[in-house]
Amino acid sequence: METAYVLISCDLGSEMPVIDSLKQMEPVKEVHGTFGAFDIITKIENQDKDKLKEVITKNIRKLEHVRSTLTLMCIEGQN
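Engineer: Is there a simple way to explain the pattern of salt bridges in this structure?
Structural biologist: Enumeration over the complete set of coordinates arrives at three salt bridges. Between Lys43 and Glu45 there is a salt bridge, with its nearest N and O atoms 3.5 Å apart. There is no split in this pair, since Lys43 and Glu45 are both buried.

Take a look at the structure:
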């Protein structure tokens, strides 16, 4: 299973609509609002690494109110 964590910065006050949209995406396993440099962290999983990349670039990054993302791809076997 391929896993990535996506840290998201969004427009001020738009955290809940972005969180709600993320929860509707099938590969999204967890979503949490955060304090600090990023507003939201989400965990996504899929068997196919290319599918993960597609979800990040074509779905998450294109959500309304998302300003920027930082993606951390996990290394298989180092858990």
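We are not done yet, so read on.
Engineer: Help me understand the layout of surface pockets, please; the structure alone is not making it clear to me.
Structural biologist: A water-sized probe, rolled over the atoms, reveals where empty space remains. Space inside the largest pocket adds up to approximately 200 Å³. The wall of the largest pocket is formed by Met1, Glu2, Thr3, Tyr5, Lys43, Glu45, Cys74, Ile75, Glu76, Gly77, Gln78 and Asn79. Elements that contribute at least two residues to the lining of the largest pocket include exactly strand 1 (2–10) and strand 3 (40–46). Residue composition of the lining of the largest pocket, by class: four nonpolar, four polar and four charged.

Engineer: Explain the environment of Asp39 here, please?
Structural biologist: Residue position: Asp39 is located in the loop between strand 2 (28–33) and strand 3. For the pair formed by Asp39 and Asp11, sequence separation is 28 residues and the distance between their alpha carbons is 9.1 Å. In contact with Asp39, not counting residues within four places along its chain, are Ile8, Ser9, Cys10, Glu15, His32, Gly33 and Thr34. Here the side chain of Asp39 touches Cys10 through a polar contact of 2.8 Å, landing on its backbone nitrogen.

Engineer: It is not clear to me how the sheet that holds strand 4 (residues 66–73) should be interpreted in this structure. Could you clarify?
Structural biologist: In any sheet, the strands associate via hydrogen bonds between backbone groups, in a parallel or an antiparallel arrangement. Strands sit in the order 2-3-1-4 across an open sheet of four strands; the sheet is antiparallel. Edge positions in the sheet fall to strand 2 and strand 4, since each has one partner strand and no second. If you compare each strand with its neighbour and ignore which way they point, the axes differ by 20° on average. Strand direction decides the pairing type here: strand 1 and strand 3, joined by seven bridges, are antiparallel. Along strand 3, the bridge assignment pairs Leu7 with Ile41. Most of the contacts of helix 1 (residues 15–23) go to strand 2, to which it runs at about 170°, and overall it touches strand 1, strand 2, strand 3 and strand 4. Helix 2 (residues 49–60) contacts strand 1, strand 3 and strand 4 of the sheet and is inclined by roughly 15° relative to strand 1.

So, how was this worked out
- Residues numbered from 1 in each chain as written.
- Predicted model: local features only at pLDDT ≥ 70, side-chain atom pairs only at ≥ 80, totals over all residues.
- Heavy atoms only, no water.
- Salt bridge = Lys/Arg side-chain N within 4 Å of Asp/Glu carboxyl O.
- Buried < 20%, exposed > 50% of the residue type's maximum accessible area, 1.4 Å probe, protein only.
- 1 Å grid on protein atoms, 1.4 Å probe; cavity = no way out; pocket = protein on both sides within 12 Å on 5 of 7 lines; lining within 4 Å.
- Points joined across faces, edges and corners; volume = space filled by probe spheres on them.
- Helix = DSSP H or I, 4+ residues; strand = E, 2+ residues; numbered from the N terminus.
- Nonpolar A, V, L, I, M, F, W, Y, C, P; charged D, E, K, R; others polar.
- Contact = heavy atoms within 4.5 Å.
- Polar contact = N/O pair within 3.5 Å; in protein donor to acceptor, adjacent residues only side chain to side chain.
- Pairing = 2+ DSSP bridges.
- Axes fitted to C-alpha atoms, helices over the stretch in contact; angles between N-to-C directions.

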